Protein chains: 2
Amino acid sequence: MTKQIEQLLRMHIVRPSHHRIKIYQYLIEKRNHPSVDMVYQELVRTIPTLSKTTVYNTLQLFLEKGIVIMITIDENETRYDADTSLHGHFRCSSCGKIFDIRLGTDAWRLDGIDDFEINESHIYFKGWCPECRKKGALQ
Amino acid sequence: MTKQIEQLLRMHIVRPSHHRIKIYQYLIEKRNHPSVDMVYQELVRTIPTLSKTTVYNTLQLFLEKGIVIMITIDENETRYDADTSLHGHFRCSSCGKIFDIRLGTDAWRLDGIDDFEINESHIYFKGWCPECRKKGALQ
DNA sequence: CTTCATAACTGTAATCATTACAATTTTGTA
DNA sequence: TACAAAATTGTAATGATTACAGTTATGAAG
């Protein structure tokens, strides 16, 4: 596992330091679209010397190297995702959990953007997830 | 003009105070997806006593009443839009301007979300606008 | 036209995510 | 083993947003 992550990082010109490996591993194992703080709180338990700045720096580096994407579905804090393929996200207004949404391949018809050059697509939805709907929580 | 805005605000159970009318008028006349600060800087020129907190409070109220939407396409500050219809946005990475993107009516095919209840849709793109592409700025 | 309760507005101080930066530690290589 | 480069740390700044308490404006009742 670690070996594979090391290779992937190297491929993207990211030196595979111990912290970087752990952070990337967190992203792909949890698949929970975490905030900086979520990553930090989890990893600091096994790496007591970890600094939150390092998590910021590392995720910023991953962004620049294109191995993670930034998700701004939460107004308060940035979330990150190691799945860089084109897909949407759903954030439950009740429990706050973020889900992946598969997009149909034929899903797109945008008008009047022929002269624009699109580098990033962000597709977000908000509402109630199945579990919270069942519970009827708050609503 | 003012009369129409007053009616619209009243219809949505928003008392049409002087400040609220001016802020709403700014949104629909400029159509520039402004930040709180952009609204404030423009309006404080004619309303010297205006407080930035009032702009925050008012836009928050408009949000709750459903007459504006929040746009989180800019990582630093929230933008607002008085066009509440379903449409996308494009933010130019060079000049920072935000454009409206019309979405084809047949544009949607989402998989596996039948059990989700969607209340909001956010469709953002980032890249280069036509003008900045011509200029070849930075790129 | 005044009174008064309510709502709107103001200004300052707190909050909190993020960034800047200088000092320290780690790493890879010779 | 030594050393230069890169990574990491911790603290201090930044900047958008929110909290809150005091002040002002509003609109209905008399």
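See the structure shown above.
Quick look at the structure, then. Nothing here was measured: the structure is a model prediction, and the numbers come from that model.

Basis of the calculations
- Residues numbered from 1 in each chain as written.
- Chains lettered and ligands numbered in written order.
- Predicted model: local features only at pLDDT ≥ 70, side-chain atom pairs only at ≥ 80, totals over all residues.
- Heavy atoms only, no water.
- Helix = DSSP H or I, 4+ residues; strand = E, 2+ residues; numbered from the N terminus.
- Contact = heavy atoms within 4.5 Å.
- Lys, Arg positive; Asp, Glu negative; His and termini not counted.
- Charge placed at Lys NZ, Arg CZ, Asp CG, Glu CD.
- Pairing = 2+ DSSP bridges.
- Near = heavy atom within 4 Å.
- Polar contact = N/O pair within 3.5 Å; in protein donor to acceptor, adjacent residues only side chain to side chain.
- Nonpolar A, V, L, I, M, F, W, Y, C, P; charged D, E, K, R; others polar.
- Phe/Tyr/Trp six-rings, centres within 6.5 Å; stacked < 30°, edge-to-face > 60°.
- Buried < 20%, exposed > 50% of the residue type's maximum accessible area, 1.4 Å probe, protein only.
- Least-squares fit on C-alpha atoms with pLDDT ≥ 70 in both.
- Buried area = accessible area lost by both parts, 1.4 Å probe.
- Salt bridge = Lys/Arg side-chain N within 4 Å of Asp/Glu carboxyl O.
- Expected span 1.5 Å × (residues − 1).
- Arc of directions from axis to C-beta.

What follows covers the overall build of chain A. Regarding its fold elements, chain A presents 5 helices and 6 strands. Taken from N to C terminus, the helices and strands of chain A fall in the order α-α-α-α-β-β-β-β-β-β-α. By its C-alpha atoms, chain A is 45 × 45 × 25 Å across when sized along the principal axes. For chain A, contacts bridging at least 24 residues in sequence account for 47% of all contacts bridging at least 6. If you average the places of the 19 positive and of the 18 negative side-chain charges in chain A, the two averages end up 9 Å apart.

So, about the sheet that holds strand S6 (residues 117–128) of chain A. Strands sit in the order S5(A)-S4(B)-S3(B)-S6(B)-S6(A)-S3(A)-S4(A)-S5(B) across an open sheet of 8 strands; the sheet is mixed. One side of each edge strand has no neighbouring strand; the edge strands of this open sheet are strand S5 (110–111) of chain A together with strand S5 (110–111) of chain B. Bridge count between strand S3 (residues 88–92) of chain B and strand S4 (residues 98–103) of chain B: 4 bridges; the pairing is antiparallel. Considered in S4(B), the bridge of Arg91(B) is made with Ile98(B).

The next subject is the protein's contact with DNA strand D. Within the structure, DNA strand D sits among 15 residues, and Ser17(A), Arg20(A), Thr49(A), Thr54(A) and Thr78(B) are positioned closest to it. For DNA strand D, the backbone makes up 79% of the atoms found within 4 Å of the protein, where backbone means sugar plus phosphate. At a separation of 2.7 Å, a phosphate oxygen of DNA strand D approaches a polar backbone atom of Thr49(A). Of all the elements in the fold, those that place two or more residues in the surface near DNA strand D are helix H2 (18–30) and helix H4 (52–65) of chain A together with helix H4 (52–65) of chain B. Considering each element in turn, the surface near DNA strand D owes the most residues, 3 residues, to H4(A).

Moving on: the protein's contact with DNA strand C. Lining the immediate environment of DNA strand C, one finds 15 residues, of which Tyr56(A), Ser17(B), Arg20(B), Thr49(B) and Thr54(B) sit closest. Ser17(B) places a polar side-chain atom, nitrogen or oxygen, 2.6 Å from a phosphate oxygen of DNA strand C. Here Arg20(B) contributes a side-chain N or O atom positioned 2.6 Å from a phosphate oxygen of DNA strand C. Contributing elements (two or more residues each) for the surface near DNA strand C: H4 of chain A together with helix H2 (18–30) and H4 of chain B. Per element, the largest residue contribution to the surface near DNA strand C is 3 residues, and it comes from H4(B). Along the lines of polarity and charge, the residues of the surface near DNA strand C split into 2 nonpolar, 10 polar and 3 charged.

Another aspect to go through is the packing of aromatic side chains. All chains considered together, the criterion is met by 9 aromatic pairs over all chains. Judged by centre distance (5.1 Å) and plane angle (80°), the ring pair of Phe116(A) and Phe99(B) falls under edge-to-face. Taken together, the residues span two chains, with Phe116(A) in the loop between S5 and S6 and Phe99(B) in strand S4. Using a relative accessible area of 21% as the deciding quantity, one classes Phe99(B) as partly exposed. In this structure an aromatic cluster arises from ring pairing among Phe90(A), Phe99(A) and Phe116(B).

Below, the discussion takes up the relation of the copies chain B and chain A. Relating the two copies of this chain is a rotation about some axis coupled with a shift parallel to it. The transformation that overlays chain B on chain A combines an axial shift of 0.0 Å with a rotation of 180°, and the residual RMSD is 0.0 Å. Here the two chains are linked by the operation of a two-fold rotation axis.

Much of the literature gives interface size as the accessible area that the parts lose upon coming together. Counting from both sides, the interface comprises 35 residues of chain B and, opposite them, 35 residues of chain A. Both sides together, the interface formed by chain B and chain A hides about 3,400 Å², and carbon and sulfur atoms give 58% of it. Ranking the residues of chain B by area buried against chain A places Phe116(B), Glu117(B) and Lys126(B) at the top, with a combined share of 18%. The salt bridge partner of Glu117(B) is Arg133(A), with a shortest N-O separation of 3.5 Å. There are 12 residue pairs in polar contact (both at pLDDT 80 or more) connecting chain B and chain A.

So, on to H4(B). Given 3.6 residues per turn, any residue in an α-helix points the same way as the ones three and four places further on. All names here are of chain B. If you check H4, its first and last C-alpha atoms are 20 Å apart, about what 14 residues at 1.5 Å a residue would give, namely 20 Å. Turning to H4, its buried residues are Val-55, Thr-58, Leu-59, Leu-61 and Phe-62. Projection of H4 onto a plane perpendicular to its axis shows the buried side chains occupying an angular sector of 155°, all on one side. On its buried face, H4 sits against helix H1 (2–11), H2, helix H3 (36–43) and strand S2 (79–81). Between the side-chain oxygen of the N-cap and the backbone nitrogen of Thr-53 there are 3.1 Å, and the N-cap of H4 in question is Ser-51. Two residues or fewer past H4, Gly-66 is found with a positive phi of approximately 80°.

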